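Chains, contacts and geometry: an overview
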Amino acid sequence: MWSAYRMLMEAKTSALLSSSSPMSTHRIWKKIWKLKFPNKIRHFLWRAAKDSFPTKQNLRLRHIPIDDTCDGCSDQSESLMHCLWLCDQARAGSGFRCALFAMIAWFLWERRNRMRERQRTWQFHEVGDKAKELV
Ligand SMILES: [Zn+2]
């Protein structure tokens, strides 16, 4: 389960990061803008999709002479992907994230099936809270 989650996240991220054409950039922006998240989270997602954070790896790419080793693990180059997902420090909470992902996935699938059968179901914005309650 954990590896499936990781693969999904990596595929999603690499798809976002490799999207450099104006059309796909526009589509990503539209998708992010549609999310019912606070503006600071949408802004964060946009910057993550563009890989525009001043990670040590990005600073090195901009010819700033620094050691790009991650301060968290002191082992790998500090990229955004490393900070958010690959670093041992970031993985410390992966059990919870994996369980939360599984719950959200289950609720979304159940919601979809109930809607198809025209049964009462949760509002989309309730899914996250319901999933957290179960985790
Ligand atoms: Zn690290």
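Look a little higher up for the structure.
What comes next is a walk through the structure. Small disclaimer: the values here were computed from a predicted structure and weren't measured. (Residues numbered from 1 in each chain as written. Predicted model: local features only at pLDDT ≥ 70, side-chain atom pairs only at ≥ 80, totals over all residues. Heavy atoms only, no water.)

**Remarks on the packing of aromatic side chains**
Note the threshold: Aromatic rings from Phe, Tyr and Trp, taking only the six-membered ring of Trp, are treated as a pair when their centres fall within 6.5 Å; an angle between ring planes under 30 degrees marks them as stacked, one over 60 as edge-to-face, and anything in between as tilted. Cation placement over rings: the criterion is NZ of Lys or CZ of Arg within 6 Å of the ring centroid and within 35° of the ring normal.
Applying the stated criterion across every chain yields a total of 6 aromatic pairs. Among the aromatic side chains, those forming a connected cluster through ring pairs are Trp29, Trp33 and Trp46. Looking at Arg42, its charged tip hangs above the ring of Trp33, at a distance of 4.1 Å from the centre.

**Examining unusual backbone geometry**
The criterion, for reference: Segments assigned H or I by DSSP are reported as helices when at least four residues long, segments assigned E as strands when at least two residues long, and all are numbered from the N terminus. Three exposure classes are used, based on accessible area relative to the maximum for each residue type with a 1.4 Å probe and protein chains only: buried under 20%, partly exposed in between, and exposed over 50%.
Phi at His63 takes a positive value of approximately 65°, unusual for a residue other than glycine. Within the secondary structure, His63 sits in the loop between helix 4 (56-61) and helix 5 (80-86). For His63, a relative accessible area of 73% gives the class exposed. Of note, Ser74 is a non-glycine position whose phi angle comes to about 55°, a positive value. Take Ser74: it is sitting in the loop between helix 4 and helix 5.

**Examining a nonpolar patch on the surface**
What counts is decided by this rule: Exposure above 30% relative accessible area and no salt bridge define the residues that can form patches, which grow by joining like charges within 9 Å and nonpolar side chains of Val, Leu, Ile, Met, Phe, Trp and Tyr within 5 Å. Areas reported as accessible are Shrake-Rupley estimates using a 1.4 Å probe. Residue values count occlusion only from the protein chains shown. Salt bridges are counted wherever a side-chain nitrogen of Lys or Arg sits within 4 Å of a carboxyl oxygen of Asp or Glu.
The grouping of Leu35, Phe37 and Ile41 at the surface amounts to a nonpolar patch, some 220 Å² of accessible area in total. As for its placement among the helices and strands, Phe37 is situated in the loop between helix 2 (22-34) and helix 3 (39-50).

**Quick look at the nonpolar core**
Selection rule: Residues belong to one nonpolar core when they are buried, are Ala, Val, Leu, Ile, Met, Phe, Trp, Tyr or Cys, and are joined through side-chain atoms within 4.5 Å.
Core analysis: the largest hydrophobic core is formed by 5 residues, namely Leu100, Phe107, Trp122, Val127 and Ala131. Every element with two or more residues in this core is listed here: helix 7 (94-116) and helix 8 (127-134).

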